[in-house]
Amino acid sequence: MARIIVVTSGKGGVGKTTTSASISTGLAQKGYKTAVIDFDVGLRNLDLIMNCERRVVYDFVNVIQGEATLNQALIRDKRVNNLFILPASQTRDKEALTHEGVEKVLNEMSETFDYLVCDSPAGIEHGALMSLYFADEAIVVTNPEVSSVRDSDRILGILQSKSRRAERGDEPVKEHLLLTRYNHERVERGEMLSIEDVNDILSIPLLGVIPESQAVLNASNQGAPVILDEDTEAGQAYEDAVARLLGEERELRFLDTQKKGFLKRMFGG
Amino acid sequence: MSFFDYFKTKKKTSASIAKERLQIIVAHERNTRDQPDYLPELQQELLEVIRRYVAIRDDQVQVQLDKNDSCSVLELNVTLPENEP
């Protein structure tokens, strides 16, 4: 039985696909057989981030409609063992992700995989609802910024009322907050919501804080999940997040102010 | 905190303004989130029924649903105009 994890946020551009790529890669590196599934029908991008855009032959919708088998559609990652990508369809209608179809595919994958990471599209429409409906756990990706926090709260409400676990009255979806594009210096200057601020509002357990970093764009430029960039803070912060997801206790890192010179300490900045 | 920060703490930081605004809007949206979808329509229809007898404005009818563990209470609050019998 696979554990189904949805990566969601409501708001677009906060780092869902970046997070899906890195979390799934991290789980696979730890030896778990993992698939990352793109639910963004019509606007697929996970394939680009995972550097397999030229290897897509069949997609999620083809499998749902019986035009391809799961094995034909799954793309094996070339860098990490145990990691597979199921791309979204670029041409079909969003409604092609039927409830029964998604359930059938997830059930089939559950038999052989340990983790299924569902990359949600932005918004709260059909694709987003389908990606979270079957989830056991949710990683809510949030930027320390008003519209992102508000949308995350909205998504939490939907997880608590419209997921399968909620409808069945099962144990609720396990929620995790992942703060991304965090800039500690701006927080210190009072220009950005702090971890505590976001926590006070959303009050769900913190999975990790990914510092705003040039490494993220660098990674997506090259189609390599940033977690593979082990020398960077963002990569290490994702590695920490994966460890916490698996139940390990890890201290938050990269939140100390950089060593400042004497003048800077005197005059601020 | 640097030495000169003591002179510039009077003004609220933009982050604290953001937090206050978020706390208010999120609390408001959580209240409406738990309400069933039919509530606005119910309020509208109740308003029409009452209007057959008394002339009231839209904001003079408040419908609210409070949930407890075992039951839900539908609270209906109608403010009637003063000069009516």
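That block above? That's the structure.
Predicted, not measured: the structure shown is a model, and the values here were computed from it.

Draft legend 1. Quick look at the interface of chain B and chain A. With 15 residues of chain B at the contact, the number on the chain A side is 20 residues. Both faces considered, chain B and chain A share a buried interface measuring about 1500 Å² in area, 58% of it formed by carbon and sulfur atoms. When the area that chain B buries against chain A is broken down by residue, the three leading residues are K19(B), L22(B) and R33(B), summing to 35%. E29(B) is paired through a salt bridge with R150(A); the nearest N and O atoms lie 2.7 Å apart. Applying the counting rule to chain B against chain A returns 7 residue pairs in polar contact (both at pLDDT 80 or more). Grouping the constituent residues of the side of chain B that touches chain A by class yields 7 nonpolar, 4 polar and 4 charged.

Draft legend 2. Representation of helix 7 (residues 146-162) of chain A. Its 17 residues place the ends of helix 7 of chain A 24 Å apart at the C-alpha level, agreeing with the 24 Å of an ideal helix rising 1.5 Å per residue. Taken as a whole, helix 7 of chain A has its buried residues at S148(A), V149(A), S152(A), D153(A), I155(A), L156(A), G157(A), I158(A) and L159(A).

Draft legend 3. Expanded view of the packing of helix 7 of chain A against helix 10 (residues 195-202) of chain A. Residue and element names in this part refer to chain A. Put simply, helix 7 and helix 10 touch, their axes get as near as 10 Å, and they point 35° apart. Between helix 7 and helix 10 the crossing geometry is right-handed. Listed contacts from helix 10 to V149, S152, D153 and L156 of helix 7 are V198, I201 and L202. Looking at side-chain class alone, the contact of helix 7 with helix 10 contains 5 nonpolar, 1 polar and 1 charged residues.

Draft legend 4. Summary view of the pairing of strand 1 (residues 61-67) of chain B. Residue and element names in this part refer to chain B. As defined by bridge partners, strand 1 adjoins strand 2 (residues 72-78) across 7 bridges and the pair is classed as antiparallel. Its bridge partner being in strand 2, L65 is matched across the sheet by L74. Between the antiparallel neighbours strand 1 and strand 2 lie 4 residues.

Draft legend 5. Representation of helix 1 (residues 16-29) of chain A within the structure. Residue and element names in this part refer to chain A. Here helix 1 is 14 residues long and its end C-alpha atoms lie 20 Å apart, about the 20 Å a rise of 1.5 Å per residue gives. Within helix 1, 12 of the 14 residues are buried, which leaves the element mostly enclosed by the surrounding structure. Along helix 1, the residues that are buried comprise K16, T18, T19, S20, A21, S22, I23, S24, T25, G26, L27 and A28. Directly after helix 1, the chain includes G31, whose backbone phi takes a positive value near 100°.

Parameters at a glance
Residues numbered from 1 in each chain as written. Chains lettered and ligands numbered in written order. Predicted model: local features only at pLDDT ≥ 70, side-chain atom pairs only at ≥ 80, totals over all residues. Heavy atoms only, no water. Contact = heavy atoms within 4.5 Å. Buried area = accessible area lost by both parts, 1.4 Å probe. Salt bridge = Lys/Arg side-chain N within 4 Å of Asp/Glu carboxyl O. Polar contact = N/O pair within 3.5 Å; in protein donor to acceptor, adjacent residues only side chain to side chain. Nonpolar A, V, L, I, M, F, W, Y, C, P; charged D, E, K, R; others polar. Helix = DSSP H or I, 4+ residues; strand = E, 2+ residues; numbered from the N terminus. Expected span 1.5 Å × (residues − 1). Buried < 20%, exposed > 50% of the residue type's maximum accessible area, 1.4 Å probe, protein only. Axes fitted to C-alpha atoms, helices over the stretch in contact; angles between N-to-C directions. Left-handed = near helix turned anticlockwise from the far one by under 90°. Pairing = 2+ DSSP bridges.

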